[in-house]
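# Structural features, examined
Given next are the chains, with one letter for each unit.
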Amino acid sequence: AKYLGGDGYQFYSDNLQTHGIERLQLENQLRKALDDAQLVVYYQPKQDLPGGALRSAEALVRWQHPQHGLLAPAAFIELAEETGMIVRLGEQVLQQACAQASQWYQNGQPMQIAVNLSVQQLRQRGFAEQVAAVLLATELPAHYLQLELTESMLLEQLDVVEQNIAALRALGVSLAIDDFGTGYSSLAYLKRFPIDTLKIDRTFIAGLQQGAQDAAIVRAIIVMGHSLGLQVVAEGVEDEAQRQLLRDYQCDQLQGYLIGRPMPANELTPHLARELPI
Ligand code: C2E
Ligand code: CA
Ligand code: CA
Ligand code: CA
């Protein structure tokens, strides 16, 4: 039931819901993982266009499980969401990612780090203040942190979510919409929320060469994003033909296996240019 994933981790294809005992065991183990700092953060670089520089990366959580080895989010994120542990998990990832970004910044290799959020974090009163405290403690300028939200989070209609989002933007944190194009068709939230970046879902990138449809959608998202003053990132870029098309379409940043897989910070560092902090 377990196999080696593309990023060198194993994960379970078993449906955890149907195995009550395994699920309970995994839940207890995840609680212990949070107490014992078994979560690690991998970084997947993004490439700037047209220049090609690596100035940003996405933080992706992994679980260094004492028996099962390195586990992918697919093995535990859903469980973390269901049990509420996602809030502590998210805090730990944010803390680690900001500490790492601060280290790169101080080394003259500044990187903006994108961190995925759960809606449960955004529903916490005082979440934005917590983020401010982490930035202060790690001495990271706010614009080196990007937070990734999904379209469904912006449709929550909760005052606390809206307040957190406004307060985060006021701090100077960058806000991106992840998996853009897969959620709801209403684009009204682009006006209502202070978003500065769209990440085109990788399913559209995968279809770029297959037919006219996905290419038209990708081009339209880029044009619309730019006319709203947003940066546009393509995720799941796997081959050179996709890179060329996205360059022609004037996409701002590329992320995907072609640029680099998610990896530990110390493996990414040698690939980063040295420059004066901006
Ligand atoms: P996501 O935010 O859409 O992250 C991108 C996923 O696509 C990552 O999977 C990444 O390894 C994978 N990927 C990157 N480039 C390529 C490519 O060229 N081709 C293909 N086929 N895949 C690519 P990963 O690391 O397994 O993460 C899965 C999901 O888990 C993430 O999807 C995100 O929704 C969630 N996740 C990861 N870390 C966190 C976290 O710290 N907090 C929360 N709340 N969710 C997280
Ligand atoms: Ca993401
Ligand atoms: Ca995504
Ligand atoms: Ca996704």
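Refer to the structure above for everything that follows.
Residues numbered from 1 in each chain as written. Chains lettered and ligands numbered in written order. Predicted model: local features only at pLDDT ≥ 70, side-chain atom pairs only at ≥ 80, totals over all residues. Heavy atoms only, no water.

Before going further, it helps to spend a moment on the coordination of the calcium ion (ligand 4). All of the protein donors around the calcium ion (ligand 4) are Asp-179 (OD) and Asp-179 (OD); their distances to the metal are 2.9 to 3.0 Å. Between the calcium ion (ligand 4) and the calcium ion (ligand 2), the interatomic distance is 6.0 Å. If you trace the backbone, Asp-179 turns up in strand S8 (residues 174–180). (Donors = N, O, S within 2.8 Å, 3.2 Å for Na, K, Ca; no water. Helix = DSSP H or I, 4+ residues; strand = E, 2+ residues; numbered from the N terminus.)

Here the focus is the pattern of salt bridges. For the coordinates displayed, the defined rule picks out twelve salt bridges. Ionic pairing is found between Asp-36 and Lys-32, a salt bridge with its closest N-O pair at 2.4 Å. On the basis of relative accessible area, Asp-36 is assigned to the partly exposed category, the value being 38%. Given a relative accessible area of 47%, Lys-32 falls into the partly exposed group. Residues participating in the shared-partner salt-bridge network are Glu-58, Glu-148, Lys-199 and Glu-235. (Salt bridge = Lys/Arg side-chain N within 4 Å of Asp/Glu carboxyl O. Buried < 20%, exposed > 50% of the residue type's maximum accessible area, 1.4 Å probe, protein only.)

Our next topic: the site of ligand 1. Residues in close proximity to ligand 1 total 23 residues, the closest being Gln-44, Arg-62, Arg-202, Glu-238 and Tyr-257. In this structure, an oxygen atom belonging to ligand 1 sits 3.1 Å away from a side-chain N or O atom of Asn-116. A distance of 2.5 Å is found between a nitrogen atom of ligand 1 and a side-chain nitrogen or oxygen belonging to Glu-238. For the shell around ligand 1, the secondary-structure elements that each account for two or more residues are strand S4 (54–65), helix H3 (86–106) and S8. With four residues, the top contributor of residues to the shell around ligand 1 is S4. Grouping the amino acids of the shell around ligand 1 by side-chain chemistry returns eleven nonpolar, five polar and seven charged. (Near = heavy atom within 4 Å. Polar contact = N/O pair within 3.5 Å; in protein donor to acceptor, adjacent residues only side chain to side chain. Nonpolar A, V, L, I, M, F, W, Y, C, P; charged D, E, K, R; others polar.)

Applying the stated criterion across every chain yields a total of three aromatic pairs. Ring geometry for Tyr-43 and Trp-104: centres 5.3 Å apart, planes at 80°, overall edge-to-face. With Tyr-43 in strand S3 (residues 39–48) and Trp-104 in helix H3, this residue pair connects regions lying 61 residues apart in the sequence. The class of Tyr-43 is buried, set by a relative accessible area of 3%. By relative accessible area, Trp-104 is classed as buried at 1%. Ring geometry for Tyr-105 and Tyr-144: centres 5.2 Å apart, planes at 50°, overall tilted. Residue Tyr-105 is located in helix H3, and its partner Tyr-144 is located in the loop between helix H5 (127–138) and strand S7 (145–150); the two are separated by 39 residues in the primary sequence. Tyr-144 sits in the buried class, given a relative accessible area of 4%. The residue whose ring lies beneath Arg-261 is Tyr-257, and the NZ or CZ to ring-centre distance is 3.9 Å. (Phe/Tyr/Trp six-rings, centres within 6.5 Å; stacked < 30°, edge-to-face > 60°. Lys NZ or Arg CZ within 6 Å of the ring centre and 35° of its normal.)

Any functional reading would require information that these geometric values do not contain.
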